[in-house]
Amino acid sequence: MTCSCNAINMDYLLTLSQSSLSPPQDFLPSTCLHLEAVEQLGAELDEWLTVSSLSGHEYTKAHQDFQLFSVSNDVLLVLKNNVFQSVYVSHGKLCCDCKTHHSHCDFTSIVQRSINSLENSANNPDSLAVMSDLLDTPITTNVLYQQKSISSHSLSLFCNPVSINQDCIMPSSCPVCGDGGAELVSAVVPFFDSFSISNKQLYHGRCKCGTTLNVDGYKEGVLNMGTYLVSHRLLAEYMMLFLQAGNSMYSFYELWGWRLMIENQSMLLRPSYSQFRLAWLSYLQLIEIKDEWFSCPHCGPHPNVVVCDGISLGYPKRYVRSNGSANAAEHILLKGNSSTDRTLGISAQVRKSVLKFMAKVDDVDVQSISSIAQGTCLEKIVTHASQANHIPDYWIDLLTNILKMSPITSVVNQQAIDDVVSLGSKLPDSRTIYVLQHNSPIFFNFAKYMCEEDCQLVLPICLRILEVFNKLQNHKPHDTGSAAEQHLCCLPMLPQLCGRGSYVADSLQPSKHSLSCSKVFHSSLTPGLFTLHCQHGICYGFQALDKVESPNTAFTIFRTRFPKAPSVIIYDNACHLHLYSLNRDPGFFKNTQFLVDKFHWKNHKGCSDAYNARLYPALAGVNTQVAEQSNSRLNRLRGTVSYMTECNFMKSVKLFVSYKNILQRATVGVKSSQEEEYVVRHRNIFGR
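Residues numbered from 1 in each chain as written. Predicted model: local features only at pLDDT ≥ 70, side-chain atom pairs only at ≥ 80, totals over all residues. Heavy atoms only, no water.

Engineer: I tried to follow the pairing of strand β2 (residues 75-80) on my own but got confused; where do I start?
Structural biologist: The side chains of a regular strand alternate between the sheet's two faces. For β2, the tally of buried residues reaches 5 of 6 residues, placing the bulk of the element in the interior. Bridge analysis of β2 against strand β3 (residues 83-90) gives 6 bridges, and the strand direction is antiparallel. Pairing of Leu-79 across the sheet is with Phe-84, part of β3. (Buried < 20%, exposed > 50% of the residue type's maximum accessible area, 1.4 Å probe, protein only. Helix = DSSP H or I, 4+ residues; strand = E, 2+ residues; numbered from the N terminus. Pairing = 2+ DSSP bridges.)

Engineer: Got a minute to help me understand the sheet that holds strand β17 (residues 528-534) in this structure?
Structural biologist: Strand pairs in the sheet, formed through backbone hydrogen bonds, run parallel or antiparallel to each other. In space, the 6 strands of this open sheet follow the order β15-β18-β17-β13-β19-β20, with mixed pairing throughout. One side of each edge strand has no neighbouring strand; the edge strands of this open sheet are β15 (489-490) and β20 (593-595). Where strand β13 (residues 305-311) meets strand β19 (residues 568-571), 4 bridges bridge the pair, whose relative direction is parallel. Across the sheet, Val-307 pairs through a bridge with Ile-570, a residue of β19. Running at roughly 150° to β20, helix α18 (residues 574-584) makes contact with β19 and β20 of the sheet. (Contact = heavy atoms within 4.5 Å. Axes fitted to C-alpha atoms, helices over the stretch in contact; angles between N-to-C directions.)

Engineer: I keep staring at the pattern of salt bridges and nothing clicks. Help me out?
Structural biologist: A pair can form between side chains of opposite charge whenever their charged atoms are brought close. Considering all chains together, one arrives at 10 salt bridges under this definition. Note that Arg-431 is salt-bridged to Asp-419, the shortest N-O span being 3.0 Å. With a gap of 12 residues between them, Arg-431 in helix α14 (residues 430-439) and Asp-419 in helix α13 (residues 414-423) connect regions that are remote in the sequence. A residue is classified by how much of its surface remains accessible, and Arg-431, at 48% relative accessible area, is partly exposed. Two residues, Glu-467 and Arg-464, come together in a salt bridge whose shortest N-O distance is 3.5 Å. Taken together, the positions of Glu-467 and Arg-464, both in helix α16 (residues 452-473) and 3 residues apart, correspond to about one turn of that helix. On the accessibility criterion, Glu-467 (37% relative accessible area) is partly exposed. Because the salt bridges share partners, they merge into one network encompassing Asp-341, Arg-464, Glu-467 and Lys-471. (Salt bridge = Lys/Arg side-chain N within 4 Å of Asp/Glu carboxyl O.)

Engineer: What exactly am I supposed to notice about the packing of aromatic side chains here?
Structural biologist: Each pair of aromatic rings is reported with the distance of its centres and the angle of its planes. Summed over all chains, the structure comprises 26 aromatic pairs. Each ring, one from Tyr-503 and one from Phe-555, has its centre 5.8 Å from the other, and the planes form 75°; the classification is edge-to-face. Here Tyr-503 is found in strand β16 (residues 502-503), whereas its partner Phe-555 is found in helix α17 (residues 551-561), with 52 residues between them in sequence. Grouping residues by exposure puts Tyr-503 and Phe-555 together as buried. The residue whose ring lies beneath Arg-559 is Phe-588, and the NZ or CZ to ring-centre distance is 4.4 Å. Across from the ring centre of Tyr-580, 3.5 Å away, lies the NZ or CZ of Arg-584, which sits over that ring. (Phe/Tyr/Trp six-rings, centres within 6.5 Å; stacked < 30°, edge-to-face > 60°. Lys NZ or Arg CZ within 6 Å of the ring centre and 35° of its normal.)

Engineer: Would you mind going over the nonpolar core with me for this structure?
Structural biologist: Side chains that are nonpolar tend, in soluble globular proteins, to be buried together. Judged by nonpolar contacts, the single largest core of 57 residues is most densely connected at Leu-378, Trp-395 and Leu-399. Sorting elements by how many residues they give to this core places α16 first, with 9 residues. Dropping the residues within four chain positions of it, Leu-378 is found in contact with Ile-346, Val-350, Val-354, Leu-399, Leu-403 and Ile-461. In terms of nonpolar packing, the next biggest core, distinct from the first, is built from 54 residues, Val-230, Leu-286, Cys-490 and Val-653 among them. (Core = buried A, V, L, I, M, F, W, Y, C linked by side-chain atoms within 4.5 Å.)

Engineer: How should I be thinking about the pairing of strand β7 (residues 183-192) in this particular structure?
Structural biologist: Sheet analysis places β7 next to strand β8 (residues 197-206), joined by 10 bridges and oriented antiparallel. The residue bridging Leu-184 from the neighbouring strand is Gly-205, located in β8. Connecting β7 to the antiparallel partner β8 that follows it, the hairpin turn spans 4 residues. Strand direction decides the pairing type here: β7 and strand β11 (residues 229-231), joined by 2 bridges, are parallel. Bridge pairing links Phe-191 to Leu-229 in β11.

Laid out in structure tokens, this is it:
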């Protein structure tokens, strides 16, 4: 008999058995703990000693290629090809002690097949039914002891860590009865500081009133982990490196070890990396982050100009919890805006023909274009152009933008179109030109070159655009009900006000041009974050994505957390967000201008030029790339937070964003006394 722990002897004997050969007489079989256990069991059960006696077991009548024996209530001994292996249940799976060390092998497969046919066989080992019940029992998490921090007092981000001098650390008086005469016991625990490691006498006990008394460590500047103490100064040092440069925890842990060596301290006295990691995560949860750091005093709780963007910074998908639903009243499908209500209302044939004519395609029949354009707002300009067989460049620029599939409300706002229509056949005055320059750059470029004849030609187009605006103004925001707050959202100053709502457009098939993000995401990590900023660079928070980034992400945030839609939304996918919003709740977004930031505009080919934020003088001093720049700083955390649990990930990112907001608030001239002290300390350390 041999054991799988000696793979060489086992392979040798199996090879001999397949060839019907016997080992030489001088062959000495190996012995091990497993064989000794089998021999001891065999001494108690004689029928296990020889294979010939096993063949008469009643269970083997239906299974001639293997045999099963009960060793205990939850362990089976499997015999196959003269080899014994024990099979048991661990963490909801069948496991085997074979040399493969995998949960799937020949022996576990035998037991699994036997469990599957358990009801069809009357003669089974007793432990087979027990193992079947164990496999069906759901696994409960956190069944093992997990060390937790005893310290519970919140810590300020601005605190200046103190140095502990005393060797004995005792708890304060009882917070319930105020009695300080409780019986205390002490234990010697290691204390880990930035430059030294020492032992401290840590006291704890129970008050007469039954209250447990422990050292919180807030006044002493230490984090009490029960079996060891860590100074706030050491943890604050890592926090600063994490916030400033995104340093990984392990790199700081190794740096700390080298620092101890320089101070003639042994690296071996350090806590394990797991203990240090647990201390930092406990310290992280105690840091107090104020909601006011996520708002701009200039913009208020609901900024009028919002710059948003996504970043592929995620955490493992196995830690994802259900985010809840932002929808309310799902049985009611709300209607949005149709394509004819937001465009010039002309057919695709007319639109394509006019675009071909402007592109000077040779095979275009001018007379046919005039006939199909009759009855539309383009009739006058098409007739005029066909007679002259020429169309000016400034007309081409205007028609190219208004004939695209983008909503016509993106090209001009209502104030500008009202002014143009009120002039009738007159040329625009200075006030109208000023309004066009700041609100409708496409029409402003047209107004630079237009003559009195052009006023008559463009008037039907303006009247049609005004009709679109009037229909849009008749829409009222939908009543979307209420919904629970989503735990994957960190928008402290933007609480959820209502539900998202369910819309008819949600059930429609997406077009061939998908609105989803085309970024490449990690296969085992969540898609990332979606951040919101004001024009002054203050981040109002972020949404952790459980699905790929799409216009629905931004739409849901604005619809559920803003009492009124922002006047300007700057987003790299603003063209699709505009269309998505009008398809669902046009009444809420009817006065919102959607723009694409200057950095991403070069990637937009088929959109109206009116989405280009660079064309608007009012935004000349606005950094439209502030979200992109902020997200580039968040990228520093990728190696540190990408493998955290959901709770630790959200708190780490929230801490990082609040830190950057404090520095940004100082640049715009807004900071509290605590923030002032913190910024001065930061500049003294980092020089900026």
